[in-house]
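Given next are the chains, with one letter for each unit.
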There are 2 protein chains.
Amino acid sequence: MASSSEIGLAATINILTAFAFLVAFAILRIQPFNDRVYFPKWYLRGLRNNPLQSGAFVQKFVNLDFRSYLKFLNWMPAALRMPEPELIDHAGLDSVIYLRIYLTGLKIFVPIACLAFTVMVPVNFTNKTLEESKLTYSDIDKLSISNIPTGSNRFFTHLVMAYAFTFWTCYILKREYEKVATMRLHFISSEHRRPDQFTVLVRNVPPDPDESVNELVEHFFLVNHPDNYLSHQVVYNANVLSDLVNEKKTKQNWLDYYQLKYNRSNQSKRPSVKTGYLGLWGKKVDAIEYYESEVEKLSKKICKEREKVTKSSKHVMPAAFVSFKTRWGAAVCAQTEQSRNPTIWLTEWAPEPRDVYWDNLAIPFVSLTIRRLVIAVAFFFLTFFFMIPIAFVQSLANIDGIVKAAPFLQGVLEVEFVKSFIQGVLPGIALKIFLIFLPSILMMMSKFEGFTSISALERRSATRYYIFQFINVFLGSIITGTAFQQLNTFIHQSANTIPITIGASIPMKATFFITYIMVDGWAGVAGEILRLKPLIFYHLKNFFLVKTEKDREEAMNPGSLPFNTGEPQIQLYFLLGLVYAVVTPILLPFIVVFFALAYVVYRHQIINVYNQQYESAGAFWPDVHGRIITALIVSQLLLMGLLSTKEAAQSTPLLIVLPILTIWFHRFCKGRFEPAFVRYPLQEAMMKDTLERAREPGLNVKGYLQDAYVHPVFSNWDGSDDGVSDDDDWPKEPALVPTKRESRVNTPVRSQRSESSRTLLCVLDERSCP
Amino acid sequence: MASSSEIGLAATINILTAFAFLVAFAILRIQPFNDRVYFPKWYLRGLRNNPLQSGAFVQKFVNLDFRSYLKFLNWMPAALRMPEPELIDHAGLDSVIYLRIYLTGLKIFVPIACLAFTVMVPVNFTNKTLEESKLTYSDIDKLSISNIPTGSNRFFTHLVMAYAFTFWTCYILKREYEKVATMRLHFISSEHRRPDQFTVLVRNVPPDPDESVNELVEHFFLVNHPDNYLSHQVVYNANVLSDLVNEKKTKQNWLDYYQLKYNRSNQSKRPSVKTGYLGLWGKKVDAIEYYESEVEKLSKKICKEREKVTKSSKHVMPAAFVSFKTRWGAAVCAQTEQSRNPTIWLTEWAPEPRDVYWDNLAIPFVSLTIRRLVIAVAFFFLTFFFMIPIAFVQSLANIDGIVKAAPFLQGVLEVEFVKSFIQGVLPGIALKIFLIFLPSILMMMSKFEGFTSISALERRSATRYYIFQFINVFLGSIITGTAFQQLNTFIHQSANTIPITIGASIPMKATFFITYIMVDGWAGVAGEILRLKPLIFYHLKNFFLVKTEKDREEAMNPGSLPFNTGEPQIQLYFLLGLVYAVVTPILLPFIVVFFALAYVVYRHQIINVYNQQYESAGAFWPDVHGRIITALIVSQLLLMGLLSTKEAAQSTPLLIVLPILTIWFHRFCKGRFEPAFVRYPLQEAMMKDTLERAREPGLNVKGYLQDAYVHPVFSNWDGSDDGVSDDDDWPKEPALVPTKRESRVNTPVRSQRSESSRTLLCVLDERSCP
């Protein structure tokens, strides 16, 4: 156990580090040549085109206005100044609700910290248990529950505090859930018209021998939603096409670059290029001609592929985006069961067009359940056995292994310094690499599992990451040993000794977690605002790769809120705060500082940097709420375990009420608020429909929705199609639905509308092909 | 452990008992004076009015046709002869699907028993472990897994068998689920028009200062389902009225009786009655006059109460049955979220009118969640601590206690025989009484929890009864000791020793469970067909109480399928069968006999006796399926525990795959089939609507639905209202919805329709009041 002076030293180091980061940030951000790294959001919104200063040439790159250096912390009030409604408008609701997680942390822990310091610190401190014992102890331990003698009546203070903290946390959680749900509903209702409000994603369209997917979808919805069905868009498997389009884009970019270069050099010397790998070898040819021919070749290829994709039924996936005339119609379709067989014609809200994860749209139901099983098993092994392959790699990556593989290094490796460095660092590196790649691995797992929207992928990854952190960081730090060893211990322990084992070692780990909070939390957050990696990458790219203005835009890479890694990290702090609130209250101020700092930093980043990929209107809040509840229950169980080792056994029946009440509270909240995040109330839909009908009586919904859910590879092709209105030939009364089924029709009548939509695709085709 | 000869003796006794019951039944059922006890279903369906025989006076009571005695078992083939579709028509789908549970048992256990006897019995029998050991053992044990030496490779046979049994069970379960789902959907789609297809139950109508519930409901659905809303029926709190109506019914019955008596006695002597308690004392008055005045008094009271209920808004509960023009409209409303606030305007499918549990319709959301918590805690205590009050009663009900309370019995109690009888029997009686009342207690708990339909109440009670039986009968028999002691043991044991503790004692309890199956299963089922209690009660009532023909009808009391007690009992046999299939296969034939006997008996009872109160179209099947899956997982875990004591540790990783696969299978089935039991597909609804529109173009749905969901106390009042058609004045285009809200309207316009529906109620009022 570290003494308070050691903690003080660690705190000083970390505060200095964080402060250094902040100062570096303050200096770097006001340099004009960094402007695109620290304010990309404004560039992307089109509100900023150049660094604000203008003047001498040098001033374009370096800020020479020394007054601005003095006000180096003024970004903080600036970040807090933007009011919430404006922030929603500026960065979307997701970002604002993400910030609310930090706010929730502050709301929970500031009063808890105050109460703990006024009540529990005196109660703990005025004992002499540790002084009288022969154990080594620190000042921090004197403030913790360890200082209370075994069997003392003072434990009732902790009991009462546990109740108070639980009720306070639940109160705040309920208020926040209420507030977030209201914000979400208000956002959805006050929002502009969005294609996903009218659209439903239909999956598992059953195969039909007589009709194509296109016709089948149309007929099904004309029959079953006759008053509401408007149009639909089948989903194409366009992965090959997508690759081709990307390739063409690169080549086009090179072409632009060489043309620019040629023009800049006053058309004196035509640039040349080598055709081999990476332009390093091969025949030297005229660059502009070469890339022109390449682009043309690819254009033709793409045209062929496009034709193949749109014409051949093989590329049509059994899924479609079905649009309705009203929001009411879409809300009805998304929430109801369509077919007798509940595994076909699955409907759900369409995600926002930019939120769709196109590759997963075609996975059939049985495959989905199998994938879920496979991933569940895989995740179990990943969590509990991830140390095995890493240990294996570590055993390989020792000096002997390297010498064997590369004998010529023997001389170098025999130098004592190199040897000890490798032996010291290599094992750590394997683990570090794994941990860096872990979020990507988890994201791949989620993708394999078959979610259809990026937001859902991120939510699921966040859940998994939280579980991994809970087991391997939280439990792993308390009970040293790998997760598998823990599992083994727990299986062989009785159900009531598990919380005792963990609970008993909790007070001893307080100093460790305080250090962890400072390193991972404080310094980490301060590092976040510095954006060191994007900064370096931007300048490297700018120097070596950026050829055109478009490239520079791409080099900015603002990124988006790292929900799948950031949220689990916050949750770890909630867990630590709640667990230690009763046990070692001295930990709380560190948590509070983390939440406050992170709130300011992320608010600044959201305003100036991040550019959200999608907008889910805070769909992740039920997860956030659920995990805080989990943390609360864990803290209660561990307190029970801890108190039972302290021979305060009479407290157990009183404490067991807490988790029961908490679980009940969770179920109450689930019933009360969760539907607002899962379903779309008809009242709301009807209200918006009515308003819209009154405001814009002649609105052409069909034209509006026409291209909304076209695969990006089609819609990005030439971004100039504004939705041709062909709503006039739309029959108002679909009295009879034409079908091609052989059983009914002798003279096959082709579906008129499918014909027309197919023609439309061909028109789209022709328009974009040369 | 009982030897095989002891088992043989028990079997003989039980077979003889069962046989005696069957013979008694065969004799009693062909006696004409028992006809109404054994064939009430036919009377209720109006297909039978009198015993079939006719002839001499004696033959009206006793069957003298001796040939019929010889064919005394011919009810069995008769019971099996009725084909399934006819049976559905005769007794409803619920009964047929209930019978399928027994069929499923046969389908699962007959092949398992065959396989077990051909493979496992030889493998077990050809060892000499028990012979060589010094333990006492029986022939049955020689056939069980106990006879395999520790660490033997033969355990792999059991492992393979466990796999085979699991796959077979899952295969049958999937097929049955599929079949039942198809039956349900087919039943729902081929059924006649039913009011619940068009109706949705709306609960938690929010209070509104400006509008009554009646108006509010109308406005809400006119606005949010403008094309589909048809009408609605608010729910009245009519419990007082209901009591009055019942009282009047009794009095009316007495009046009929005396009038009949007076007429029979050739109007010679007017019957008289005493007005005091039970007619035992008090003033003697003329019976007919007395009851006439009483009936009249009650009629007036009822009229007043009716008026009070229908006029005063205090009696209107915040719930309503809302009917739609089409099934599609109702399906949409039932499956969607109506309001922003997910705790108000809760919609769900309306239960069948006769399935509605009226008292629970007004419970608000918050109260519901609190009630659920309270009942969860209460049930926990009931399950684990029910022995405490019983032990307390037992300690009071001893000789000393009785002597103290009633000293005058001292003489009697000192007789040795009486003393030992009381001491032997009294403690048992307290437990027995508790067990008899347990289903009623569980039903009361479900009622308190707030379910709105009788079917849901029974399903929930069945779940609780199953859990109680699992813990107190199954686990309680294996690990002797009260449930609380078990709980205590389990909490203090490690997670992996629990299955070991239970698993190890399983083979030793085989003979106990065989006896249990014979007593509770065989003899119990044979007792069921005898209907001893209804038989005695019918004759007692017939002799003492039956005054009119209506009374005789009520005395028949056919009852309905005891789902809430019967299904958990079957599940116990599934559990026993699956657990012992691998361990002691000799138990399987007993299970198979139970399922076969029960199938025949209950098929007979369903055809001839039971009269279902409601029709849920097999809504209970997901529960049945889920509990068999639970039994399967329990059996797998216990086998793991058992094998680990046998030092066949290498089997554990192979066995752990089984529960994972089973859980996955369960989730697969849940996704694949459960929606068919919870939701109503729009395709189905649309199909029925279209068909109906084509067949009956001028159908007056409104007239049809008008009185469907009137509280029984209103509709039973004078069962002669055939639904007055007032559909003509129904405005076709509700362009504007009138409202009374003060914020909008200056000159308050009263809702026309509410007015009309209120008028309708008054008309109903007037019609029935004198």
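Look up: the structure comes first, before these words.
Now for a look at the structure at hand. (Residues numbered from 1 in each chain as written. Chains lettered and ligands numbered in written order. Predicted model: local features only at pLDDT ≥ 70, side-chain atom pairs only at ≥ 80, totals over all residues. Heavy atoms only, no water.)

## Description of the pairing of strand β5 (residues 316-324) of chain A
All names here are of chain A.
Right, on to step 1. Burial of β5 is extensive: seven of the nine residues sit out of reach of the surface.
Right, on to step 2. Across four bridges, the pairing between strand β1 (residues 199-203) and β5 is antiparallel. When the sheet's bridge partners are listed, Thr199 is paired in β5 with Ser323.
Right, on to step 3. As judged from the seven bridges shared by strand β2 (residues 229-236) and β5, these two strands associate in the antiparallel manner. When the bridges of β5 are listed, Tyr236 appears paired with Val316. (Buried < 20%, exposed > 50% of the residue type's maximum accessible area, 1.4 Å probe, protein only. Helix = DSSP H or I, 4+ residues; strand = E, 2+ residues; numbered from the N terminus. Pairing = 2+ DSSP bridges.)

## A word on the packing of helix α27 (residues 563-583) of chain A against helix α29 (residues 621-645) of chain A
All names here are of chain A.
Right, on to step 1. In the contact formed by α27 and α29, the axes pass within 9 Å of each other and the chain directions differ by 30°. In terms of orientation, α27 and α29 fall into the roughly parallel class. As α27 runs across α29, the sense of the crossing is right-handed. Residues Glu567, Gln571, Phe574, Leu575, Leu578, Val579, Val582 and Val583 of α27 form the contact with α29, whose own contacting residues are Val624, Arg627, Ile628, Ala631, Leu632, Val634, Ser635, Leu638, Leu639 and Leu642.
Right, on to step 2. Here the residues of the contact of α27 with α29 sort into 14 nonpolar, two polar and two charged. (Axes fitted to C-alpha atoms, helices over the stretch in contact; angles between N-to-C directions. Parallel < 35°, antiparallel > 145°, perpendicular 65-115°, else oblique. Left-handed = near helix turned anticlockwise from the far one by under 90°. Contact = heavy atoms within 4.5 Å. Nonpolar A, V, L, I, M, F, W, Y, C, P; charged D, E, K, R; others polar.)

## Remarks on the pattern of salt bridges
Right, on to step 1. Overall, the coordinates contain 33 salt bridges over all chains when judged by the stated rule.
Right, on to step 2. Bridged by salt links that share partners, the residues A:Glu84, A:Arg100, A:Lys107 and A:Glu176 form one connected network. (Salt bridge = Lys/Arg side-chain N within 4 Å of Asp/Glu carboxyl O.)

## Details of the sheet that holds strand β6 (residues 346-349) of chain B
Residues and elements named next belong to chain B.
Right, on to step 1. The antiparallel open sheet is built from four strands, whose spatial order is β2-β5-β1-β6. Looking along the sheet, the strands with just one partner apiece sit at the ends: β2 (229-236) and β6. Direction aside, the axes of adjacent strands within the sheet are offset by 30° on average.
Right, on to step 2. Bridging between strand β1 (residues 199-203) and β6 involves four bridges; their strand directions are antiparallel. Bridging across to β6, Arg203 finds its partner in Leu346.

## Digging into the packing of helix α10 (residues 155-190) of chain A against α29(A)
Residues and elements named next belong to chain A.
Right, on to step 1. Where α10 meets α29, the closest approach of the two axes is 11 Å, and the angle between their N-to-C directions is 175°. Looking at the two axes, α10 sits roughly antiparallel to α29. Contacts between α10 and α29 pair Phe155, Leu159, Ala162, Thr166, Thr169, Cys170, Leu173, Glu176, Tyr177 and Val180 from the former with Trp621, Pro622, His625, Ile628, Ile629, Leu632, Gln636, Leu639 and Leu643 from the latter.
Right, on to step 2. Residue composition of the contact of α10 with α29, grouped by class: 14 nonpolar, four polar and one charged.

## Examining the environment of B:Ala116
Residue and element names in this part refer to chain B.
Right, on to step 1. Position of Ala116 relative to the elements: it lies in helix α7 (residues 93-125).
Right, on to step 2. Residue classification places Ala116 among the buried residues on the basis of a relative accessible area of 0%.
Right, on to step 3. Taking the C-alpha atoms as reference points, Ala116 and Leu588, 472 residues apart in sequence, are found 8.7 Å from one another.
Right, on to step 4. When residues no more than four places from it in sequence are discounted, the contact partners of Ala116 are Val121, Phe165, Ala581, Pro585 and Leu588.

## With respect to the side chain of A:Asn608
Residues and elements named next belong to chain A.
Right, on to step 1. Note that Asn608 resides in helix α28 (residues 588-608).
Right, on to step 2. When its relative accessible area of 9% is taken as the criterion, Asn608 is described as buried.
Right, on to step 3. Those residues in contact with Asn608 that lie beyond four places of it in its chain are Tyr38, Phe39, Pro40, Lys41 and Trp42.

## Focus: helix α6 (residues 84-91) of chain B
Residues and elements named next belong to chain B.
Right, on to step 1. Within the span of α6, buried status applies to Leu87, His90 and Ala91. For α6, the buried positions fall inside an angular range of 70° around the axis, keeping them on one side. Of the exposed residues in α6, the ones pointing more than 90 degrees away from its buried face are Pro85 and Asp89.
Right, on to step 2. Its buried side turned inward, α6 meets α3 (40-44), α7 and α28 (588-608).
Right, on to step 3. Once α6 ends, the next one or two residues include Gly92, with phi positive near 95°. (Arc of directions from axis to C-beta.)

## A look at the sheet that holds β1(A)
All names here are of chain A.
Right, on to step 1. Taking strand neighbours across the sheet as the criterion, the four strands line up as β2-β5-β1-β6 in an open arrangement whose pairing is antiparallel. Two strands close off the open sheet at either side, each with one partner strand: β2 and β6 (346-349). Recorded for the sheet is a direction-independent mean angle of 30° between the axes of neighbouring strands.
Right, on to step 2. Packed on one face of the sheet, helix α15 (residues 327-335) meets β1, β5 and β6 and runs near 130° to β6.

## Observations concerning the side chain of A:Gln571
Residues and elements named next belong to chain A.
Right, on to step 1. Examined against the element boundaries, Gln571 turns out to sit in helix α27.
Right, on to step 2. We classify Gln571 as buried; its relative accessible area is 0%.
Right, on to step 3. With residues up to four places along the chain from it excluded, the contact list for Gln571 reads Tyr466, Val624, Arg627 and Ile628.

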